[in-house]
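Descriptive analysis of the structure
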Amino acid sequence: MALYSEKVMEHFLNPQNVGVIEDADGVGEVGNAKCGDIMKMYLKIDNEVISDVKFETFGCASAIASSSMATEMIKGKPVAEAMLLTNKAVAEALDGLPPHKMHCSVLAEEAIQSALEDYENKKTKSE
Ligand code: FES
């Protein structure tokens, strides 16, 4: 069996939502100390809905595929729904990740959570 599913390869070779949002409403950056991979998420939020999302990932194929899939899963969704996105759901949407690569999907969940936290903090400050 191939190590990676077709979906992982698809998102790794042709990642969606790569880039930076200059005037992002929330930015989150996380890393994994063991492998050294880093993921940064940018969110644009209008009326509590994620109108745009972009990412920069300096990492492995699974991390790039997870970021791409995760951004696709939260784009156009309400903030409250995006908060519930789990790494398991991302991995499932990719038709699975090898066990030793599950932490790559955790990075995607954490990056989104961190960007949402940043958004909430900024919101509280401006209120
Ligand atoms: Fe660490 Fe993939 S090997 S994020």
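Residues numbered from 1 in each chain as written. Predicted model: local features only at pLDDT ≥ 70, side-chain atom pairs only at ≥ 80, totals over all residues. Heavy atoms only, no water.

1. Things to note about unusual backbone geometry
With a phi angle near 50°, N47 is a residue other than glycine that sits in the positive phi range. By secondary structure assignment, the location of N47 is in the loop between β2 (38–46) and β3 (49–58). Judged by its relative accessible area of 77%, N47 falls in the exposed class. In this structure, D95 takes a positive phi of about 60° despite not being glycine. The topology assignment puts D95 in the loop between α4 (87–93) and α5 (102–126). Look at D95 and you get exposed, because its relative accessible area is 52%. (Helix = DSSP H or I, 4+ residues; strand = E, 2+ residues; numbered from the N terminus. Buried < 20%, exposed > 50% of the residue type's maximum accessible area, 1.4 Å probe, protein only.)

2. Quick notes on the packing of helix α1 (residues 6–13) against helix α2 (residues 61–74)
As a packed pair, α1 and α2 sit with axes 8 Å apart at the nearest point and diverge in direction by 90°. In terms of orientation, α1 lies roughly perpendicular with respect to α2. Residues K7, V8, H11 and F12 of α1 form the contact with α2, whose own contacting residues are A61, I64, A65, S68, M69 and E72. (Axes fitted to C-alpha atoms, helices over the stretch in contact; angles between N-to-C directions. Parallel < 35°, antiparallel > 145°, perpendicular 65-115°, else oblique. Contact = heavy atoms within 4.5 Å.)

3. Digging into the pattern of salt bridges
As a working rule, side chains carrying opposite charge can pair if their charged atoms are close by. Under the definition given, this model contains eight salt bridges. Across the salt bridge formed by D23 and K44, the nearest N and O atoms sit 3.5 Å from each other. Within this pair, whereas D23 is found in the loop between α1 and β1 (26–31), its partner K44 is found in strand β2, the two being separated by 21 residues in sequence. Connected through salt bridges with shared partners, the residues D23, D25 and K44 form a single ionic network. (Salt bridge = Lys/Arg side-chain N within 4 Å of Asp/Glu carboxyl O.)

4. Some words on the nonpolar core
Core analysis: the largest hydrophobic core is formed by 30 residues, its most contacted members being M39, M41, L43, I50, I74 and L116. Elements with a contribution of two residues or more to this core: β2, β3, α2, α3 (79–82), α4 and α5. Leave out the neighbours within four places in its chain, and M39 touches G28, E29, V30, E56, T57, A63, S67, C104, L107, A108 and A111. (Core = buried A, V, L, I, M, F, W, Y, C linked by side-chain atoms within 4.5 Å.)

5. What about a nonpolar patch on the surface?
A contiguous nonpolar surface patch, about 270 Å² in accessible area, is contributed by M9, F12 and L13. Among the structural elements, F12 can be located in helix α1. (Patch = residues over 30% accessible without salt bridge, like charges linked within 9 Å, V, L, I, M, F, W, Y side chains within 5 Å. Areas by Shrake-Rupley, 256 points an atom, 1.4 Å probe, with all protein chains shown as cover.)

6. What about the pairing of β1?
The two faces of β1 differ: G26, G28 and V30 on one face are buried, but V27, E29 and G31 on the other face are not. Examined bridge by bridge, β1 and β2 share six bridges and lie antiparallel to one another. Bridging from a neighbouring strand, G28 pairs with M41 of β2. (Pairing = 2+ DSSP bridges.)

7. A word on the sheet that holds β2
Spatially, β1-β2-β3 is the arrangement adopted by the three strands of the open sheet, whose pairing is antiparallel. At either margin of the open sheet sits one strand with a lone partner, and together these are β1 and β3. The sheet shows a mean angle of 15° between the axes of neighbouring strands, taken without regard to direction. Helix-sheet contacts for α5 involve β1, β2 and β3, and the interaxial angle to β1 is about 145°.

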